[in-house]
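The residues making up each chain are set out below.
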Amino acid sequence: MNIYADNAATTSVSRTALEAMMPCFKEMYGNPSSLYGLGQKAKEIVEAAREDVAAVIHAAPREITFTSGGSEADNQAIRSAAAAGKKEGKMHIISTAFEHHAVLHTLNKLEQEGYDITLLDVHEDGLVRPEELEEAICQDTALVTIMYANNEIGTIQPIRKLGEICRKHGVTFHTDAVQAVGHVPIDVEKDNIDMLSASAHKFHGPKGTGFLYVRKGVRLYNLIEGGAQERGKRAGTENVAGIAGMAAALKEAARDMEVNRDRLIRQRDLLIRELGKIPHSAINGDPVNRLPGNVNFCFEGIEGESLLLLLDDRGIQASSGSACTSGSLDPSHVLLAIGRVHDVAHGSLRLSLGENITEEETWYIVRSVKEVVEYLRSFSPIWRDLMAGKGEFILP
Ligand SMILES: *Cc1c(COP(=O)(O)O)cnc(C)c1O
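The notes below deal with the structure included here.

Definitions and limits used
- Numbering of residues starts from 1 in every chain and runs along the sequence as written.
- Residues qualify for local features only when their pLDDT is at least 70, as the model is predicted, and side-chain atom pairs are given and counted only at 80 or more; totals for whole chains, interfaces and linings, by contrast, use all residues.
- The basis for the side-chain values is all heavy atoms of the structure; hydrogens and waters are excluded.
- Segments assigned H or I by DSSP are reported as helices when at least four residues long, segments assigned E as strands when at least two residues long, and all are numbered from the N terminus.
- Buried, partly exposed and exposed residues are distinguished by accessible area as a fraction of the type maximum, computed with a 1.4 Å probe on protein chains only: under 20%, between the cut-offs, and over 50%, respectively.
- Throughout, a contact is declared for two residues whenever any of their heavy atoms are within 4.5 Å.
- Note on areas: these come from Shrake-Rupley sampling with a 1.4 Å probe, and a residue is covered only by the protein chains present in the view.
- None of His or the chain ends enter the tally, which takes Lys and Arg as positive and Asp and Glu as negative.
- Each charge is placed at NZ for Lys, CZ for Arg, CG for Asp and CD for Glu.
- Here, a strand pair is defined by DSSP locating no fewer than two bridges between the strands.
- In this description, a line fitted to the C-alpha atoms serves as the axis of each element, helices being fitted only across the stretch in contact, and the angle between N-to-C directions of two axes falls anywhere from 0 to 180 degrees.
- Near residues are defined by distance, with any heavy atom within 4 Å of the molecule or strand qualifying the residue.
- N or O atoms closer than or at 3.5 Å make up a polar contact, with two conditions inside protein: a donor-capable atom paired with an acceptor-capable one, and, for residues adjacent in sequence, both atoms drawn from side chains.
- Here roughly perpendicular refers to angles of 65 to 115 degrees, roughly parallel to angles under 35, roughly antiparallel to angles over 145, and oblique to all remaining angles.
- By convention, the crossing between two helices is left-handed when the near helix turns anticlockwise from the far helix through less than a right angle, and right-handed when the turn is clockwise.
- When residues are grouped by polarity, Ala, Val, Leu, Ile, Met, Phe, Trp, Tyr, Cys and Pro land in nonpolar, Asp, Glu, Lys and Arg in charged, and all others, Gly among them, in polar.
- A helix's residues, less one, multiplied by 1.5 Å, set its expected span.
- Throughout this description, the term nonpolar core refers to a set of buried Ala, Val, Leu, Ile, Met, Phe, Trp, Tyr and Cys residues connected via side-chain atoms within 4.5 Å.
- For every domain, the bounds stem from an assignment made automatically or drawn from a database.
- The term salt bridge refers to a side-chain nitrogen of Lys or Arg lying within 4 Å of a carboxyl oxygen of Asp or Glu.

**Points about the overall build of the protein**
Reasoning step 1: Helices and strands together make up the secondary structure of the protein, namely 13 helices and twelve strands.
Reasoning step 2: Taking the principal axes of its C-alpha atoms as reference, the protein extends roughly 75 × 50 × 35 Å.
Reasoning step 3: Counting all 396 residues of the protein, 56% fall into the buried class.
Reasoning step 4: Contacts in the protein between residues at least 24 apart in sequence constitute 73% of all its contacts with a sequence separation of at least 6.
Reasoning step 5: Carbon and sulfur atoms make up 52% of the accessible area of the protein, which totals about 17,300 Å².
Reasoning step 6: One way to put it: in the protein the 42 positive side-chain charges average out to a point 4 Å from where the 55 negative ones average out.

Rendered as structure tokens:
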């Protein structure tokens, strides 16, 4: 069996997306800035994609700027709001402790540049509390940036409420919606969102392309200087094929969203129920208020890396919160933010399911995880000590 269960890291490119891209490499390879027919044809593809993308999130096409992906969109949104704030003498930014590094590292830089950053607590359920946001807002607040859905534990924030609070206080509200777009319904109007980041490769589009929604009237500054593409807000010849592929993938994801969601939730909840039966384990994040395909557990007494390698041997590709892969031994900042202690956070497993997963495959995952966890515990010194009564279990 081979089961790709790491769709939060990236997804395969759908056939629809691929078919939309092919002509952009072959017959319609013009530069959208060129005035002759071939160029104008490429421009039409880009503008049609802009309309399609805008429609899915209930925005106007003019409010969409194409970028190289989620990271660039996050950087540009945050930098823009920070610069706009500075002009008015507002140097305070509010975010959360469990954002993606594209957000957190940008905020670190801004802190070094003199901005004042407040990171809201993320509670044990993986959610921020709207009233705590309201308390944190002050006269100097230029921006609130809070992710729509978390990439590790999948929890979906009360975005509409958070947006409402920002609107009430006249503060720009940005959301990193990279994990949410194409997976849950998004309406930038109803949700009171001023800026939103998305990335194609998280919804079966190609890597290296994404978009930033910026509400009309909200100031956008460019990160990349050069030509006048994207209304002068993002220089560089458009990634026509990528943009076409992204729009096709997003349209398809929006069309199939409800069916996919129902199927995923059924498999997700089966996994949550069955993996929860493993002794001394715990689900990370709210079990209900989470992305349809996200399952994230901690298993006491094991190392996430070993779990991943042994699951890979059985044909299951998954991920762990512990970031040894990125060259550091620190456990996931997300799991620490929701209050997991280091030892427990190290034994984490994230399964992010694909839309086509079958019930048979889900049961295969259940059996495999149970067996591998048991096997790893059988020679874990930490586990042996805990079983011998030396030290207390942290998870029930
Ligand atoms: C993947 C991801 C990003 C980065 O997007 P790229 O297109 O890979 O740059 C940002 N935020 C979240 C929540 C993500 O999951």
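**Some points on the sheet that holds strand β9 (residues 281–283)**
Reasoning step 1: Overall, antiparallel pairing links the three strands, which are arranged β9-β10-β12 in an open sheet. Edge strands, defined here as strands with exactly one partner in the open sheet, are β9 and β12 (348–352). Taking the axes of each pair of neighbouring strands and ignoring which way they run, one obtains an average angle of 20 degrees across the sheet.
Reasoning step 2: Both β9 and strand β10 (residues 294–299) contribute to a ladder of three bridges, which runs antiparallel. Note on β10: the bridge partner recorded for S281 is F299.

**Focus on the site of the ligand**
Reasoning step 1: Close to the ligand lie 13 residues, the nearest being S71, D176, Q179, S199 and K202.
Reasoning step 2: Between an oxygen atom of the ligand and a side-chain N or O atom of S71, the distance comes to 2.7 Å.
Reasoning step 3: At 2.7 Å from a nitrogen atom of the ligand is found a side-chain nitrogen or oxygen belonging to D176.
Reasoning step 4: Ranked by residue count, the leading element in the shell around the ligand is helix α3 (residues 70–87), at three residues.

**Examining the packing of helix α2 (residues 37–56) against helix α7 (residues 240–255)**
Reasoning step 1: At a minimum axis distance of 9 Å, the contact between α2 and α7 shows a crossing angle of 30 degrees. Overall, the two elements α2 and α7 adopt an arrangement that is roughly parallel. Here the hand of the crossing between α2 and α7 comes out left-handed. Of the residues in α7, those in contact with A42, I45, V46, A49, D52, V53 and V56 of α2 are V240, I243, A244, A247, L250, K251 and A254.
Reasoning step 2: Grouping the amino acids of the contact of α2 with α7 by side-chain chemistry returns twelve nonpolar, no polar and two charged.

**Some points on the sheet that holds strand β3 (residues 92–96)**
Reasoning step 1: With respect to topology, seven strands assemble into an open sheet ordered β2-β8-β7-β6-β5-β3-β4, the strand pairing being mixed. For this open sheet the edge positions go to β2 (64–67) and β4 (116–120), each flanked by a neighbour on one side alone. Strand-to-strand twist across the sheet, computed as the mean angle between neighbouring axes with direction ignored, equals 20 degrees.
Reasoning step 2: Bridging between strand β6 (residues 172–176) and strand β7 (residues 195–199) involves three bridges; their strand directions are parallel. Within β7, the residue paired with H174 across the bridge is M195.
Reasoning step 3: Set on the sheet, α3 makes contact with β2, β3, β5 (141–145), β6, β7 and β8 (210–214); between it and β7 the angle comes to about 165 degrees.

**So, helix α4 (residues 101–112)**
Reasoning step 1: Over its twelve residues, α4 runs 16 Å from end to end, which matches the ideal 16 Å to within 8%, given 1.5 Å per residue.
Reasoning step 2: Inspection of α4 places A102, V103, L104, T106, L107 and L110 among the buried residues, and these make up the whole buried set.
Reasoning step 3: Tucked inside the fold, the buried residues of α4 contact α3, β3, β4, β5, β6 and α10 (333–337).
Reasoning step 4: Of the residues one or two after α4, G114 is the one with positive phi, at around 110 degrees.

**Focus on the nonpolar core**
Reasoning step 1: Ranked by internal contacts, the top residues of the largest apolar core, which has 65 residues, are L196 and F211.
Reasoning step 2: Per-element tally for this core: the top contributor is α7, with eight residues.
Reasoning step 3: Both of domain 1 (15–255) and domain 2 (257–387) provide at least three residues apiece to this core.
Reasoning step 4: Counting 27 residues, the second largest nonpolar core, distinct from the first, contains I272, A318, V369 and L376.

**Quick look at the side chain of Q157**
Reasoning step 1: Summarising the element assignment, Q157 is placed in the loop between β5 and α6 (159–169).
Reasoning step 2: With a relative accessible area of 4%, Q157 lands in the buried category.
Reasoning step 3: A polar contact is formed between the side chain of Q157 and the backbone nitrogen of V128, at a distance of 2.9 Å.

**What to know about the pattern of salt bridges**
Reasoning step 1: In total, this model carries 23 salt bridges according to the counting rule given.
Reasoning step 2: Between E47 and R50 there is a salt bridge whose closest N-O contact spans 2.8 Å. Taken as a pair, E47 and R50 lie in helix α2 at a separation of three residues, close to a single helical turn.
Reasoning step 3: Residue classification places R50 among the buried positions, given a relative accessible area of 8%.
Reasoning step 4: One continuous salt-bridge network, built from bridges that share partners, spans R167, E189, D194 and R215.

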